[in-house]
Amino acid sequence: MALSYRPSRDALLNPCADPTFKIIFTNDSDESRGALTCFLSDILEKQVTDVVLQPNELSGEALDDKQSEFDINCKIDGKAVNIEMQGRNENACYGKRAEYHVAHLLNHYTPKGKSWQDIPQVFQISVLNFIFDAEEENCINWYNMKNADSHQIGNLLNVIFIELPKIKQLPDDVSKLTKTQMWGKFFLYASNKDKQDFVKEICAHNRGINMAVTVLEHVSQDEMNWYHESRYWMHVSDMKTAEQHAIETGMAKGMEEGLAKGLEQGATQQNLENAKKMMECHIDFETIFKVTGISEEELVKHSES
């Protein structure tokens, strides 16, 4: 019997896995194109009609520029959009990464000579499988450049974060969910057998998610997609193991350095006490320094304090 990465005949791929997330929205099918169009319409809260996929790698202006590689890069009605599924907030720097990506997107799609009034809006949409801002209650947040009174500069740079752990905490009640929150539930529950009835409810209320499920069922028949997803989860596991090892190593090193510092400070304090006693016995400072390593100036200073 041939080895299969698919755990069962009816198992579905997990949209929270980067390669599965990509293929749902970029598969060459009407359902996939429809799902992407509806997803963008729901996130941006306006009807999107013209979606064109673009290359996922954006080069820099110079060879040593930092490159950008996106999950899904597309244009909508002349605007540039990058969509990401992100599972880790490496070094707590994902906010900086998103800002760089949206700035790179603006620069890449603004050719020389273009009039300022014609510069396109750019959007960086990230589905985050982690908490980005624990102090922010909203599970969906839209960031752009504003002053302290919330007045926008030009409304060109837009970053949208969808935090899945916060959506997971919301009740499984379709009537209480926004369209974007429904997408979050889909990403979280699509591969969960125990949540299929609720996923069907969402599909009945959201046409785009219904098309996304159709695509997911189709691509889950392909063994190669299961191979790519399994490799992704292995990579995630390796990264978490490496991070945990780094944390534990750092803690151990910190404890070792702290212990060494503590011992050093303790020894210095003991030498200081011994030097004071020797001074009280009228032993000369040269002898005291040879025995304790405490200089005359240091001893006088501590005796006066």
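Scroll up for the structure.
Throughout what follows, the structure given in this document is the object of discussion. (Residues numbered from 1 in each chain as written. Predicted model: local features only at pLDDT ≥ 70, side-chain atom pairs only at ≥ 80, totals over all residues. Heavy atoms only, no water.)

1. Some details on a nonpolar patch on the surface
Working step 1: There is a patch of nonpolar side chains on the surface, built from Leu 3, Tyr 5, Met 224 and Tyr 227 and spanning about 430 Å² of accessible area.
Working step 2: Looking at the element boundaries, Met 224 is found in helix H8 (residues 223-280). (Patch = residues over 30% accessible without salt bridge, like charges linked within 9 Å, V, L, I, M, F, W, Y side chains within 5 Å. Areas by Shrake-Rupley, 256 points an atom, 1.4 Å probe, with all protein chains shown as cover. Salt bridge = Lys/Arg side-chain N within 4 Å of Asp/Glu carboxyl O. Helix = DSSP H or I, 4+ residues; strand = E, 2+ residues; numbered from the N terminus.)

2. What to know about the pattern of salt bridges
Two side chains carrying opposite charge are able to pair once their charged atoms lie near each other.
Working step 1: What the rule picks out here adds up to nine salt bridges.
Working step 2: In this structure, Asp 18 engages Lys 22 in a salt bridge whose closest nitrogen and oxygen atoms are separated by 3.4 Å. With Asp 18 and Lys 22 both in helix H1 (residues 18-26) and four residues apart, the pair spans about one turn of that helix.
Working step 3: With a closest N to O distance of 2.9 Å, Asp 30 and Arg 33 form a salt bridge. A residue pair is termed a helical-turn pair when its members lie 3 or 4 positions apart in one helix, as Asp 30 and Arg 33 do in helix H2 (residues 30-44) at three residues.

3. Some details on the sheet that holds strand S5 (residues 79-86)
Hydrogen bonds between backbone groups are what pair the strands of a sheet, and the pairing can be parallel or antiparallel.
Working step 1: The strand order S1-S4-S5-S6-S8-S7 describes an open sheet built from six strands, whose pairing is mixed. Whereas interior strands pair on both sides, the edge strands pair on one side only; in this sheet they are strand S1 (51-54) and strand S7 (140-144). The mean angle between the axes of side-by-side strands here comes to 20 degrees, regardless of whether they run parallel or antiparallel.
Working step 2: Pairing geometry for S1 and strand S4 (residues 72-76), over four bridges, is antiparallel. Note that in S4 the partner of Gln 54 across the bridge is Asn 73. (Pairing = 2+ DSSP bridges. Axes fitted to C-alpha atoms, helices over the stretch in contact; angles between N-to-C directions.)

4. Focus: the pairing of strand S6 (residues 122-128)
Working step 1: Counting buried residues along S6, seven of its seven residues qualify, which places the element largely inside the surrounding structure.
Working step 2: As paired strands, S5 and S6 are joined by seven bridges and run parallel to one another. Residue pairing in the sheet places Gln 86 in a bridge with Leu 128 of S6.
Working step 3: Pairing analysis gives seven bridges linking S6 to strand S8 (residues 157-163), with the strands arranged parallel. In the sheet register, Ser 126 faces S8, and the bridge partner there is Phe 161. (Buried < 20%, exposed > 50% of the residue type's maximum accessible area, 1.4 Å probe, protein only.)

5. Notes on the pairing of S8
Working step 1: In terms of residue burial, S8 counts as a mostly covered element, since six of its seven residues are buried.
Working step 2: Pairing geometry for S7 and S8, over five bridges, is antiparallel. If you follow Tyr 143 over to S8, its bridge partner there is Val 159.

6. Observations regarding the packing of H2 against helix H5 (residues 179-189)
Working step 1: At their nearest, the axes of H2 and H5 sit 8 Å apart, and the two run at 130 degrees to each other. In this view, H2 runs oblique relative to H5, as classed from their interaxial angle. H2 and H5 meet at a crossing whose hand is left-handed. Seen from H2, the contacting residues are Ala 35, Cys 38, Phe 39, Asp 42 and Ile 43; seen from H5, they are Lys 179, Thr 180, Trp 183 and Phe 187. (Parallel < 35°, antiparallel > 145°, perpendicular 65-115°, else oblique. Left-handed = near helix turned anticlockwise from the far one by under 90°. Contact = heavy atoms within 4.5 Å.)

7. Overview of the environment of Leu 128
Working step 1: Relative to the helices and strands, Leu 128 is located in strand S6.
Working step 2: On the basis of relative accessible area, Leu 128 is assigned to the buried category, the value being 0%.
Working step 3: Leu 128 sits 36 residues away from Leu 164 along the chain, and the two C-alpha atoms are 5.9 Å apart.
Working step 4: The contact partners of Leu 128, leaving out residues within four places of it in the chain, are Gln 86, Tyr 94, Phe 161, Ile 162, Glu 163, Leu 164 and Pro 165.

8. Examining the packing of aromatic side chains
Working step 1: Inspection of the entire model under this criterion finds 19 aromatic pairs.
Working step 2: When the centroid spacing of 6.5 Å and the interplanar angle of 75 degrees are considered together, the rings of Phe 25 and Phe 187 count as edge-to-face. Here the residue Phe 25 occupies a position in helix H1, and Phe 187 occupies one in helix H5, the gap between them amounting to 162 residues.
Working step 3: Using a relative accessible area of 2% as the deciding quantity, one classes Phe 25 as buried.
Working step 4: Under the relative-accessibility criterion, Phe 187 is labelled buried at 1%.
Working step 5: Where Tyr 143 meets Phe 161, the ring centres are 5.5 Å apart and the plane angle is 65 degrees; that geometry is what we call edge-to-face. Placement of the pair is Tyr 143 in strand S7 and Phe 161 in strand S8, with a sequence separation of 18 residues.
Working step 6: For Tyr 143, a relative accessible area of 31% corresponds to the partly exposed category. (Phe/Tyr/Trp six-rings, centres within 6.5 Å; stacked < 30°, edge-to-face > 60°.)

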